[in-house]
Amino acid sequence: MHSGKSVGIVSTGKGLPVCRLTNLELEEIVDTSDEWIISRTGIKERRIISNSETNSELSFIASKIALDRANLKPEDLDLIIVATVTPDMLFPSTACLIQAKLEAYNAAAFDLAAGCTGFLYGLSVGEQYIKTGAAKNVLLVGVDTLSTIVDWQDRNTCVLFGDGAGAVVLQEVEENRGLLSCKLFSDGNKGDLLCVPAGGSRFPATRQTVEKKMHYIKMNGPEVFKFAVTVMINSTLTVLEMCGKKPADLDYLVPHQANIRIINAASRKLGLKPEQVLANIDRYGNMSSASIPVVLDEAVEEGKIKRGDLIALVSFGAGLTWGAAVLNW
Ligand code: UT7
């Protein structure tokens, strides 16, 4: 049984690549247009890693900011969870690389892979560690560098994604604050809709896997689109019901940033006004696990999200996985 502890996000931070890739620049690479990308996805530009920027380096930058804002020293951390599908390498985990960079020597560290829902999965895992008393200070990072696994000749996918990292510190908070409800879902039967076939132990890298482009993202966009709208609505309603709230009680919805049409369709159906729905997809594209923590960080920095606001986080991604959470900020 869990204790009655309430667990909340006490600070946020982000790490973004310097290099911007605009739609006009993409027009030079693949057969696409600025008009198509904006009207079908809402994306104007995205950030792409270069030079020394790596998954773990962006994570380190985001983590340092989140730790400073929580007034924590690296040695205060008990646990580091990194949600990612694009680790620096297969092992050691990115969480261990970040632990070393931070010199957070008292922390256990591991990665988890739940596609673009990774941040919500990490939030739920971190919550359990704090509730059970196994950890006091948890660092959760959502990070992805999908630019390294997209086929830059495939216009169906390469225009959609961007790189970035968002970090939060989780701690026990006052009663009735922080996470009020959280629910995770998955359906492995739909795994083929969004996957990278090779690079694991089933298809290790060979000349053939490289020639067949099996190390790149394969996606059935329209099917994922339909699925996403339905689960975004249903899982938001589920977590609201779990804590006795209604969509009308929400101050903000913080959705995964995959496509502005998905976000708009779901939020319309939930009866939310556009100003209640936080989006930065125009500037960053789909940053996978980093989408939600980076939107959160920007909204907190801008003073949009304030103490006492009721917010819902909702996401979907490879697996397929999906989930949602309600927080009293
Ligand atoms: O984090 C989770 C990850 N993934 C997602 O959430 C993706 C969800 N899906 C989507 O966002 C949308 O399905 C896409 C943005 C991927 C595609 O939009 P769509 O409105 O579903 O387009 P479509 O795939 O049905 O393609 C419509 C047309 C096709 O041409 P034809 O066959 O009608 O002649 C595509 O070839 O648009 C074409 N097209 C493009 N044209 C210009 C596809 N990509 C592009 C492009 N530029 N980049």
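Given the structure is predicted, the values throughout are model-derived calculations rather than measurements.

Calculation rules
Residues numbered from 1 in each chain as written. Predicted model: local features only at pLDDT ≥ 70, side-chain atom pairs only at ≥ 80, totals over all residues. Heavy atoms only, no water. Near = heavy atom within 4 Å. Polar contact = N/O pair within 3.5 Å; in protein donor to acceptor, adjacent residues only side chain to side chain. Areas by Shrake-Rupley, 256 points an atom, 1.4 Å probe, with all protein chains shown as cover. 1 Å grid on protein atoms, 1.4 Å probe; cavity = no way out; pocket = protein on both sides within 12 Å on 5 of 7 lines; lining within 4 Å. Sits in = over half its atoms within 2 Å of the grid points. Helix = DSSP H or I, 4+ residues; strand = E, 2+ residues; numbered from the N terminus. Pairing = 2+ DSSP bridges. Axes fitted to C-alpha atoms, helices over the stretch in contact; angles between N-to-C directions. Contact = heavy atoms within 4.5 Å.

1. Describing the site of the ligand
Then, number 1: Taken together, 23 residues are adjacent to the ligand, and Thr-32, Arg-40, His-256, Asn-259 and Asn-286 come closest.
Then, number 2: Backbone polar atom of Gly-221 to a nitrogen atom of the ligand: 3.0 Å apart, as the coordinates give it.
Then, number 3: Starting from 950 Å² of accessible surface for the ligand in isolation, the protein chains cover 73%.
Then, number 4: Cavity membership is defined here by more than half of the atoms lying within 2 Å of grid points; on that basis the ligand lies in the second largest pocket.
Then, number 5: Elements supplying a minimum of two residues to the shell around the ligand: α2 (34–41), α6 (155–158), α8 (221–242) and α9 (260–269).
Then, number 6: A per-element tally of the shell around the ligand places α8 first, with 4 residues.

2. Looking at the sheet that holds strand β6 (residues 138–145)
Then, number 1: Pairing in this open sheet of 5 strands is mixed, and the strands run β1-β7-β6-β4-β5 from one edge to the other. Pairing within the sheet leaves two strands with one partner each, and these edge strands are β1 (6–15) and β5 (108–112). Along the sheet, successive strands turn relative to each other by an average axial angle of 20 degrees, direction set aside.
Then, number 2: Packing of helix α11 (residues 291–301) onto the sheet brings it into contact with β1, β6 and β7 (163–173), and relative to β1 it is tilted by some 90 degrees.

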